[in-house]
Amino acid sequence: MGEAVASGNVLLDARELTVRFGGVRAVDALSLQVPAAGLVGLIGPNGAGKTTTIDALSGFVPHDGRVLLDGADLTHLPAHARASAGFARTFQSLELFDDLTVLENCLVAAEQPGFLATAADAVRPGRRVDVDAVWWALGVVGLEAEAGRYPLELPLGLRKLVAVARALAGQPKLVLLDEPAAGLDSGESLVLGQRLRDVVGHGIGVLLVDHDMGLVLGTCDRVYVLDFGRVIASGTPLEIRNDPSVIDAYLGQTHGPGPTRPVGRSPGPVAVPGDGAGGRTP
Ligand SMILES: Nc1ncnc2c1ncn2[C@@H]1O[C@H](COP(=O)(O)OP(=O)(O)OP(=O)(O)O)[C@@H](O)[C@H]1O
Ligand SMILES: [Mg+2]
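Quick caveat, the model's predicted, so the values are computed rather than measured.

**Regarding the sheet that holds strand β5 (residues 72–73)**
Thinking step 1. If you trace the 4 strands from one edge of the open sheet to the other, you get β2-β1-β4-β5, paired in antiparallel fashion. Edge positions in the sheet fall to β2 (24–35) and β5, since each of these pairs with one other strand and no more.
Thinking step 2. Of the strand pairs in this sheet, strand β1 (residues 10–21) and strand β4 (residues 64–69) are connected by 5 bridges, and their pairing is antiparallel. The residue of β4 that forms the bridge with Asp13 is Leu68.

See the structure below:
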């Protein structure tokens, strides 16, 4: 583990994070903090760099800048070591094993990876899974009754919660969620928001990426707004909702076509609480 750095109540402290793909700075000197047991949103147009930020924080892509979790500097650690240190993430595409039950999906996620596990297998084969932690994770998102069912038997809203439970099964300090509300109807999104508050209630930090403004502005304590890899605003949901630069860059898309992004992904309508818009990007 890296050097300890005093950071008070801050759980995640990302400093000047930069990710380059060729000549493109997908994430550009981004600094972001998630307090202990805080629910923080990260929003922005298609191609703004949200997923790349999650990739960088969790160690899936190389980056400049520093990543500190709970006072430990993880900057130079690979993804599996960051996971051991307390990071968990979900993916924009719902990556569940359809031929495993909900419980089995979470058990698989809770297995401890890494060299020590491999070495232990050699002398004492068997899985090192904290089954209690898996049931705890299912309980946090309200899925205990669905443990024996297969993902495709469940509505999308519950499948999304299985992905959150999988992330929680390793008992992380911080979960990074990439568009958990994509495809959900407003009722499912509301339930998801309540479950995320429950996660935070268990002392776990959450960084929530989503285009569902009802969810983000309705549940987060604080929100960061990205555009072209840079933080253009941060503040409380109320501050963000009324920030002209955010309305220009993102929220204004609700009522018209969005800006063209470098990769040509189609910008979609953004759901803002109270405007009746229900669309969101895939
Ligand atoms: N592996 C990669 N190689 C090259 N460029 C990439 C790669 N991954 C992402 N990018 C580019 O980085 C920029 C940010 O992409 P990213 O996927 O992080 O956006 P996003 O904010 O998550 O968008 P969305 O809302 O559509 O999910 C885009 O210009 C994208 O094309
Ligand atoms: Mg993305």
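Back to the write-up after that little detour.
**A few points about the sheet that holds strand β8 (residues 205–209)**
Note on sheets: strands pair through backbone hydrogen bonds, and any given pair is parallel or antiparallel.
Thinking step 1. The sheet built from 6 strands is open, its strands ordered β6-β7-β8-β3-β9-β10 with mixed pairing. Whereas interior strands pair on both sides, the edge strands pair on one side only; in this sheet they are β6 (87–89) and β10 (230–235). Recorded for the sheet is a direction-independent mean angle of 20° between the axes of neighbouring strands.
Thinking step 2. Both strand β9 (residues 222–227) and β10 contribute to a ladder of 5 bridges, which runs antiparallel. Each residue of the ladder has a partner; that of Val225, found in β10, is Ala233.
Thinking step 3. Contacts from helix α7 (residues 186–201) reach β3 (39–43), β7 (174–178) and β8 within the one sheet, and its direction differs from that of β8 by about 150°.

**Let's talk about the confidence of the model for the protein**
Interpretation of the predicted coordinates at a detailed level should be avoided for regions scoring low in pLDDT.
Thinking step 1. Mean pLDDT for the protein: 85, with 80% of residues reaching 70 or above.
Thinking step 2. Counted against residues more than four places away or in other chains, residues 254–269, with its pLDDT under 50, gives 30 contacts.
Thinking step 3. Every residue in residues 274–282 scores below 50 in pLDDT, and together they form 22 contacts with partners more than four places removed in sequence or on other chains.

**What to know about the pairing of β4**
Thinking step 1. Examined bridge by bridge, β4 and β5 share 2 bridges and lie antiparallel to one another. Bridge pairing in β5 links Leu69 to Ala72.
Thinking step 2. Count of turn residues in the β4/β5 antiparallel hairpin: 2 residues, of which Asp70 carries a positive phi of about 55°.

**Side note on the environment of Arg222**
Thinking step 1. Here Arg222 shows up in strand β9.
Thinking step 2. Residue class for Arg222 comes out partly exposed when judged on the 18 C-beta atoms lying within 10 Å of it.
Thinking step 3. A C-alpha to C-alpha distance of 9.9 Å links Arg222 and Leu207, two positions 15 residues apart in sequence.

**Focus on the packing of helix α3 (residues 102–110) against helix α5 (residues 131–140)**
Thinking step 1. Running from amino to carboxyl end, α3 crosses α5 at an angle of 125°, the nearest separation of the two axes being 10 Å. Taken as axis vectors, α3 and α5 run oblique relative to one another. Crossing of α3 over α5 shows right-handed handedness. On the side of α3, the interface is formed by Leu103, Cys106, Leu107 and Ala110, while α5 contributes Ala133, Val134, Ala137 and Leu138.

**What about the nonpolar core?**
Thinking step 1. Ranked by size, the top nonpolar core spans 74 residues in total, and within it Ala165 and Leu208 carry the most contacts.
Thinking step 2. Looking at this core, the element that brings in the most residues is helix α6 (residues 156–168), giving 8 residues.
Thinking step 3. When residues of this core are assigned to domains, at least three map to each of domain 1 (1–86 + 173–273) and domain 2 (99–171).
Thinking step 4. In this view, Leu208 contacts Leu39, Val40, Gly41, Leu42, Leu177, Leu196, Val216 and Cys220; residues no more than four positions away in its chain are not counted.

**Quick notes on α6**
Thinking step 1. Here α6 spans 19 Å end to end across 13 residues, near enough to the 18 Å set by a 1.5 Å rise per residue.
Thinking step 2. The buried fraction of α6 is high, at 11 of 13 residues.
Thinking step 3. All of the buried residues along α6 are Leu158, Arg159, Lys160, Leu161, Val162, Ala163, Val164, Ala165, Arg166, Ala167 and Leu168.
Thinking step 4. The elements touched by buried residues of α6 are β6, α3, α5, β7 and α7.

**Quick notes on the environment of Val129**
Thinking step 1. Positionally, Val129 belongs in the loop between α4 (115–123) and α5.
Thinking step 2. The spatial distance from the C-alpha of Val129 to the C-alpha of Ala169 is 9.4 Å, given a sequence separation of 40 residues.
Thinking step 3. When residues no more than four places from it in sequence are discounted, the contact partners of Val129 are Leu107, Ala110, Glu111 and Val134.

**Describing unusual backbone geometry**
Thinking step 1. Positive phi values are uncommon outside glycine, yet Ala37 reaches one of about 55°.
Thinking step 2. Within the secondary structure, Ala37 sits in the loop between β2 and β3.
Thinking step 3. With phi around 55°, Glu179 is a residue other than glycine that occupies positive phi space.
Thinking step 4. Mapped onto the secondary structure, Glu179 falls in the loop between β7 and α7.
Thinking step 5. We classify Glu179 as buried; it has 24 C-beta atoms within 10 Å.

Reading the values: the criteria
Residues numbered from 1 in each chain as written. Chains lettered and ligands numbered in written order. Predicted model: local features only at pLDDT ≥ 70, side-chain atom pairs only at ≥ 80, totals over all residues. Pairing = 2+ DSSP bridges. Helix = DSSP H or I, 4+ residues; strand = E, 2+ residues; numbered from the N terminus. Axes fitted to C-alpha atoms, helices over the stretch in contact; angles between N-to-C directions. Contact = placed C-beta atoms within 7 Å. pLDDT = per-residue confidence, 0-100. Buried ≥ 20, exposed ≤ 12 C-beta atoms within 10 Å, placed from the backbone. Parallel < 35°, antiparallel > 145°, perpendicular 65-115°, else oblique. Left-handed = near helix turned anticlockwise from the far one by under 90°. Core = buried A, V, L, I, M, F, W, Y, C linked by C-beta atoms within 7 Å. Domains from an automatic or database assignment. Expected span 1.5 Å × (residues − 1).

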